[in-house]
Amino acid sequence: GKRRMEMMLCPLFSGSSGNAVYVGTQKTGLLIDAGLSGIVIERALQAQGLDPARLDGILITHEHIDHIKGAGVLSRRHDIPVYANEKTWLAMQDRIGPIALRNQRVFDSAADFYIRDIDVVPFQLSHDAEDPVGFCLGSGGKRVGIATDLGYVSAAAFEAVAGCDALLLEANHDPDMLLHGRYSYELKRRIKGRRGHLSNEDAARALVRLHERGLRRALLGHMSAENNMVELLWQTVRSVLKEAGIAAGRDIELAVAPRDRACAPLVVCR
């Protein structure tokens, strides 16, 4: 029979070319962001043995196209509610097409809400969008968090994810690759800035602090195709953790969410 599991965190795609993360319990299935075409996301879900038609909601972190591209299509095709805060709705509604009124769900970024047996706790992030959020999702005493697309880890964001059993955290770029890469000065400045993206080192430093608060499983995601490499990411994270006396693999379980394919790691919290 099926193994009992409390929560599953499964990044289907995580990167600048598109984001979609599945979080589910036995009862409830949620998609956090839908930044690729509907068909690509459907196939990725099916490859994990998940039925797109049974999703209970699509939660949107912010209105950038690599997070919303397939949201409208999926909602219309399978009659799925779409959840976003007010400013995000205003910024994205013209880009995702008509959503049935019953499927337009507006949440307040400062309040939690339930979708079936999952308690959804949004928290605000520093990123160059109208009102970007991360999510902490809880069920059966277990919690998983999603924090990508942020320029820095604010005190509030840190506290929001500090109690998670598993976390998807952004590790977007290597500063040297970014510096010497072909991006314009403006874009480089935006990525590095307080409303941009976390570097490998930023992610590693956050992991050290979160480990102190009990985090034992993390996925690193939203890697840049242009300004990062898996080897560099591992090298940075291992050395920063090691300096703090933490052994990756032994003291904290880590994996990198692949950017461009749906064979992403499953994290199951027992």
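Residues numbered from 1 in each chain as written. Predicted model: local features only at pLDDT ≥ 70, side-chain atom pairs only at ≥ 80, totals over all residues. Heavy atoms only, no water.

(A) Spatial organisation of the overall build of the protein. Summing up its helical and strand segments, the protein has 9 helices and 14 strands in all. Taken over the C-alpha trace, the protein has a radius of gyration of 17 Å; the compact-globule value for 270 residues is 18 Å, and the two agree within 12%. Each principal axis of the C-alpha distribution contributes one length, and for the protein these read about 50 × 45 × 35 Å. The 270 residues of the protein split such that 56% are buried. In the protein, the proportion of contacts linking residues at least 24 apart, taken out of those at least 6 apart, comes to 63%. In the form shown here, the protein has an accessible surface area of approximately 12,100 Å², with 49% of it arising from carbon and sulfur atoms. (Helix = DSSP H or I, 4+ residues; strand = E, 2+ residues; numbered from the N terminus. Rg over C-alpha atoms; globule rule 2.2 N^0.38 Å. Buried < 20%, exposed > 50% of the residue type's maximum accessible area, 1.4 Å probe, protein only. Contact = heavy atoms within 4.5 Å. Areas by Shrake-Rupley, 256 points an atom, 1.4 Å probe, with all protein chains shown as cover.)

(B) The pattern of salt bridges, seen in detail. All chains considered together, the criterion is met by 10 salt bridges. For the salt bridge of Arg189 with Glu186, the shortest nitrogen-to-oxygen distance reads 3.4 Å. With a gap of 3 residues between them, Arg189 and Glu186 both fall in helix H7 (residues 185-192), about one helical turn apart. (Salt bridge = Lys/Arg side-chain N within 4 Å of Asp/Glu carboxyl O.)

(C) Here's a closer look at the confidence of the model for the protein. Residue-level pLDDT values for the protein average 94, and 95% of them are 70 or greater. Here strand S14 (residues 267-269) stands out as the least confident element of the protein, with mean pLDDT 68; strand S4 (residues 57-59) is the most confident, with 99. (pLDDT = per-residue confidence, 0-100.)

(D) Representation of the nonpolar core. In terms of nonpolar packing, the biggest core is built from 33 residues, with Phe123, Leu169, Leu207, Leu220, Val237 and Leu241 touching the most fellow members. At the level of elements, helix H5 (155-161), strand S11 (166-170), helix H8 (200-212), strand S12 (217-221), helix H9 (230-243) and strand S13 (253-256) are the ones that each hand at least two residues to this core. When residues in this core are grouped by element, the largest group, 6 residues, is from H8. In terms of nonpolar packing, the next biggest core, distinct from the first, is built from 26 residues, Leu12, Ala20, Tyr22 and Leu45 among them. (Core = buried A, V, L, I, M, F, W, Y, C linked by side-chain atoms within 4.5 Å.)

(E) How the structure looks around the packing of H8 against H9. Following both chains from N to C, one finds H8 and H9 inclined at 35 degrees, their axes separated by 9 Å at the closest point. Between H8 and H9 lies a crossing whose hand is right-handed. Side by side, H8 and H9 meet where Asn200, Glu201, Ala204, Arg205, Leu207 and Val208 of the first sit next to Leu232, Leu233, Thr236, Val237, Val240 and Leu241 of the second. When its residues are assigned to classes, the contact of H8 with H9 shows 8 nonpolar, 2 polar and 2 charged. (Axes fitted to C-alpha atoms, helices over the stretch in contact; angles between N-to-C directions. Left-handed = near helix turned anticlockwise from the far one by under 90°. Nonpolar A, V, L, I, M, F, W, Y, C, P; charged D, E, K, R; others polar.)

(F) Expanded view of helix H4 (residues 86-96). Looking at H4, one finds that the buried residues are Thr88, Trp89, Met92 and Ile96. One side of H4 carries all its buried residues, which in axial view fall inside an arc of 95 degrees. Exposed positions of H4 whose direction lies more than 90 degrees from the buried face are Glu86, Leu90 and Asp94. Considering only its buried residues, H4 is in contact with helix H2 (65-68), helix H3 (71-78), strand S5 (82-85) and strand S6 (104-107). (Arc of directions from axis to C-beta.)

(G) Inspection of the side chain of Ser14 at higher detail. Structurally, Ser14 can be placed in the loop between strand S1 (7-13) and strand S2 (20-24). Look at Ser14 and you get buried, because its relative accessible area is 1%. Side-chain polar atoms of Ser14 contact the backbone nitrogen of His222, separated by 2.7 Å. Sequence-distant contacts of Ser14, that is, excluding residues within four places in its chain, are made with Asn19, Gly221, His222, Met223, Ala257, Pro258 and Arg259. (Polar contact = N/O pair within 3.5 Å; in protein donor to acceptor, adjacent residues only side chain to side chain.)

(H) A look at the environment of Val40. Within the element layout of this structure, Val40 appears in helix H1 (residues 38-47). In the structure, Val40 is positioned 27 residues away from Phe13 in sequence and 10.0 Å away in space, judged by C-alpha atoms.

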